[in-house]
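Residue strings, one per chain:
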Amino acid sequence: MRILGIYGSPRPGGNTDRMLDAFLEGAREAGAEVDTVYARKLAMQGCIGCGGCDETGRCVVQDGMQEVYPLLEAAEGIVLASPVYFYNVTGQVKLLIDRSQALFMRKILAEKAQPPSAGRSSSAGKRGFLLSAAATRGKRLFDCARLTFTYFMDALGGEMVGELCFRELEGKKDVEKDPQLLARCRAEGTRFATP
Ligand SMILES: Cc1cc2nc3c(=O)[nH]c(=O)nc-3n(C[C@H](O)[C@H](O)[C@H](O)COP(=O)(O)O)c2cc1C
């Protein structure tokens with residue numbers, strides 16, 4: 001299984017970085033082939049809403065996102081690790097998600113070109129998993145990030161199949177305070193890679 005791990009925090013070595021490291025370690029142990037993207041390292045801008053992808057399914061903006069498109073397309077599993085920033089994913093992740101509009105359009109164009117009986121598009125069946133951390137403990141803390149990720153997966157022709165979202169993690173290494181947390185990420189990675 002080919003998995004793409006998206007590191008969504010601007011803070012290197014922080015809680016969600018460690019969660020994704022553990023998750024991918026578990027996935028590799030189960031035999032997964034893993035690609036990674038660090039949203040904080042991508043030199044990219046947001047979607048400019050030009051409609052350029054409507055006709056072609058390709059984004060006209062030539063920047064760091066161009067290296068991410070083939071990885072998103074090739075992945076059978078996508079794991080997003082993002083801390084909660086103002087009740088949603090980070091701005092870096094949101095840029096990447098908005099720019100995926102081109103892949104959504106590619107899916108629509110492929111569906112139009114094929115009669116429904118010919119089957120679903122090549123990206124059908126992608127599975128998504130959300131890892132998140134936040135400092136506070138509100139009941140609806142992860143609602144927006146979950147909704148955004150759900151519709152990101154939907155746009156890629158896939159679906160979100162699971163999540164691990166941890167409350168009350170603020171300092172950079174807080175996720176290490178309870179050894180169970182990273183052990184759970186690792187176990188979910190193994191499970192995710194062996195559907
Ligand atoms: C700009 C910013 C916005 C944040 N917004 C929230 C928030 O809305 N709710 C919350 O509980 N924590 C919030 N946090 C705290 C982070 O989610 C928390 O520290 C998390 O563990 C950081 O994960 P990381 O180490 O992977 O970067 C915010 C932190 C920053 C820097």
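Here, the structure is the one placed above.
For clarity, every value in this text was computed on a predicted model and none was experimentally measured.

Caption draft 1: Just the overall build of the protein chain, in detail. When its secondary structure is counted, the protein chain shows seven helices and five strands. Going from the N terminus to the C terminus, the protein chain shows its helices and strands as β-α-β-α-α-β-α-α-β-α-β-α. Its C-alpha atoms give the protein chain principal-axis dimensions of about 50 × 35 × 30 Å. The burial tally for the protein chain puts 47% of its 195 residues in the buried class. Across the protein chain, every contact between residues at least 6 apart in sequence was considered, and the portion connecting residues at least 24 apart equals 81%. For the protein chain, the exposed surface amounts to about 9700 Å²; the carbon and sulfur share of it is 51%.

Caption draft 2: Structural detail: the environment of Cys144. Structurally, Cys144 is set in helix α6 (residues 143-155). In contact with Cys144, other than residues within four places in its own chain, are Tyr87 and Asn88.

Caption draft 3: Region of interest: the site of the ligand. Near the ligand there are 17 residues, and of these Ser9, Thr16, Val84, Thr136 and Leu169 occur at the shortest range. In the model, an oxygen atom of the ligand is placed 3.1 Å from a nitrogen or oxygen of the Tyr87 main chain. At a separation of 3.5 Å, an oxygen atom of the ligand approaches a polar backbone atom of Ala133. Expressed as a share of its isolated accessible area of 650 Å², the protein-covered part of the ligand is 79%. Residue composition of the shell around the ligand, grouped by class: ten nonpolar, five polar and two charged.

Caption draft 4: Focus on the nonpolar core. In this structure, Leu72, Ile78, Leu96 and Phe152 are the most contacted members of the largest nonpolar core, which totals 33 residues. Elements that contribute at least two residues to this core include exactly β1 (2-7), α3 (69-74), β3 (77-83), α4 (91-99), α5 (101-113) and α6. Examining the composition of this core, we find that four residues originate from one element, α6, more than from any other. Here Ile78 is in contact with Leu4, Ile6, Leu72, Lys126, Arg127, Gly128, Phe129, Phe149, Phe152, Met153, Leu156 and Phe192, once residues within four sequence places are set aside.

Caption draft 5: Quick look at the pattern of salt bridges. Across all of its chains, the model carries 14 salt bridges by this definition. Here Asp143 and Arg146 are joined by a salt bridge, their closest N and O atoms 3.2 Å apart. Placement of both Asp143 and Arg146 in helix α6 is noted, with a separation of three residues, approximately one turn of the helix. Relative accessible area serves as the criterion here: at 26%, Asp143 is assigned to the partly exposed category. Take Arg146: its relative accessible area is 27%, and that puts it in the partly exposed class. Here Glu163 ties to Arg146 by a salt bridge, and the two come within 2.6 Å at their closest N and O atoms.

What counts and what doesn't
- Residues numbered from 1 in each chain as written.
- Predicted model: local features only at pLDDT ≥ 70, side-chain atom pairs only at ≥ 80, totals over all residues.
- Heavy atoms only, no water.
- Helix = DSSP H or I, 4+ residues; strand = E, 2+ residues; numbered from the N terminus.
- Buried < 20%, exposed > 50% of the residue type's maximum accessible area, 1.4 Å probe, protein only.
- Contact = heavy atoms within 4.5 Å.
- Areas by Shrake-Rupley, 256 points an atom, 1.4 Å probe, with all protein chains shown as cover.
- Near = heavy atom within 4 Å.
- Polar contact = N/O pair within 3.5 Å; in protein donor to acceptor, adjacent residues only side chain to side chain.
- Nonpolar A, V, L, I, M, F, W, Y, C, P; charged D, E, K, R; others polar.
- Core = buried A, V, L, I, M, F, W, Y, C linked by side-chain atoms within 4.5 Å.
- Salt bridge = Lys/Arg side-chain N within 4 Å of Asp/Glu carboxyl O.

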